[in-house]
Amino acid sequence: MKKTVEFIQSMKQNGQKITMLTAYDYPTARILNDVEVDMILVGDSLGMVVLGYEDTRSITMADMLHHTRIVARGNTECLLIADLPYRSYETPEQAVENARLLRDAGADAVKLEGNKPEIVKAIIDDGIPLMGHVGLLPQTADRFRVYGRKRTEAKQIAADAGALEDAGCFATVVESVPDALGIKITNSLRIPTIGIGAGAGCDGQVLVIHDLLGLFDRFTPTFVKQYANLRKEIMRAVTHYKLEVQQGLFPDEDHSYH
Ligand code: KIV
């Protein structure tokens, strides 16, 4: 049965850790579905890890809709969340229109970066579940760094997370903050916190699947744990294929029709 927003929230109350991963294609969506991770994120990291853009700002609504539809086709069990891309939620009207498009493409909920009270209210009033995102905000950050080391910045991040909860977000991502701040925010909220570089104290964790699998080699943040090195493995297989074709060893008898 498909996981719901209420189910995800009950996991926090029951002390169960929540798992979220990104997916951008059908086979990956099917794997995450079959492993039964709790949430799948069609994030705007799509722009960097799949589409080859310099940053997450270049991604368009058309890109997001295309990949949300693909992932939705492979998912029946996980709560599916899609990012509202940069500049797609500048006014309440635009935010609602784009959130509806993502929902119609198959997202169960949408996510946006930062504390934007009017925008958040408009989406939630429209009946679309919304996930917040505080700490490092890749769409607008001038630098990828740890946020909230200074007391004033930490206070602001915690206040933003509280405001998102008060406005009705069902959960929030907390990105790239010291683990003590991750714990503080988690303990102060009723809604689940999903950490990425925010320590083990968050209610759940999210990673970009291309980082976890070792498929993205442009840079690797400290918080990424590579559970596999698929880039190396794919290069090995492709090199092997190339050599066998060049040497006339493929196709062999077993892979030919007679
Ligand atoms: O786009 C993304 O990958 C994200 C992260 C929080 C995982 O928003």
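Before reading further, recall that the structure is shown in the block above.
Residues numbered from 1 in each chain as written. Predicted model: local features only at pLDDT ≥ 70, side-chain atom pairs only at ≥ 80, totals over all residues. Heavy atoms only, no water.

Some details on the pattern of salt bridges
According to the stated counting rule, one finds 11 salt bridges in the structure shown. Where aspartate 108 meets lysine 2, a salt bridge forms, and the shortest distance between an N and an O atom there is 2.6 Å. Separated by 106 residues along the polypeptide, aspartate 108 in the loop between α5 (92-104) and β4 (109-111) and lysine 2 in the segment before α1 (5-13) bring together distant segments of the chain. Residue aspartate 203 is joined to lysine 12 by a salt bridge in which the shortest nitrogen-to-oxygen separation is 2.8 Å. Note that aspartate 203 is positioned in the loop between β7 (193-196) and β8 (204-207) and lysine 12 in helix α1, a separation of 191 residues in sequence. The pair formed by aspartate 203 and lysine 12 is uniform in burial state, with each residue classed as buried. (Salt bridge = Lys/Arg side-chain N within 4 Å of Asp/Glu carboxyl O. Helix = DSSP H or I, 4+ residues; strand = E, 2+ residues; numbered from the N terminus. Buried < 20%, exposed > 50% of the residue type's maximum accessible area, 1.4 Å probe, protein only.)

Focus: the state of the cysteines
Linking two cysteines covalently via their sulfur atoms produces the bond known as a disulfide. Summed over the entire model, instances satisfying the criterion amount to 0 disulfides. Here cysteine 202 stays free of any disulfide, with the sulfur of cysteine 169 as its closest cysteine sulfur at 16 Å. (Disulfide = S-S within 2.5 Å.)

A closer look at the nonpolar core
Nonpolar side chains in soluble globular proteins tend to be buried together. With 56 residues, the main nonpolar core has Ile40, Leu102, Val110, Leu112 and Ile123 as its most contacted residues. Ignoring any residue separated from it by four or fewer positions in sequence, one finds leucine 112 in contact with Leu84, Tyr89, Ile119, Val120, Ile123, Leu130, Met131, Gly132 and His133. Counting 17 residues, the second largest nonpolar core, distinct from the first, contains Val5, Ala171, Ile194 and Ile196. (Core = buried A, V, L, I, M, F, W, Y, C linked by side-chain atoms within 4.5 Å. Contact = heavy atoms within 4.5 Å.)

Digging into the site of the ligand
What surrounds the ligand is a group of 13 residues, the closest being Gly43, Asp44, Ser45, Asp83 and Lys111. For the ligand, an oxygen atom lies 3.0 Å from a polar atom in the backbone of aspartate 44. At a separation of 2.9 Å, an oxygen atom of the ligand approaches a polar side-chain atom of lysine 111. Here the ligand has 260 Å² of accessible area as a free molecule, and 96% of this is covered by the chains. (Near = heavy atom within 4 Å. Polar contact = N/O pair within 3.5 Å; in protein donor to acceptor, adjacent residues only side chain to side chain. Areas by Shrake-Rupley, 256 points an atom, 1.4 Å probe, with all protein chains shown as cover.)

Fair warning: the whole summary comes from geometry, so function is off the table for now.
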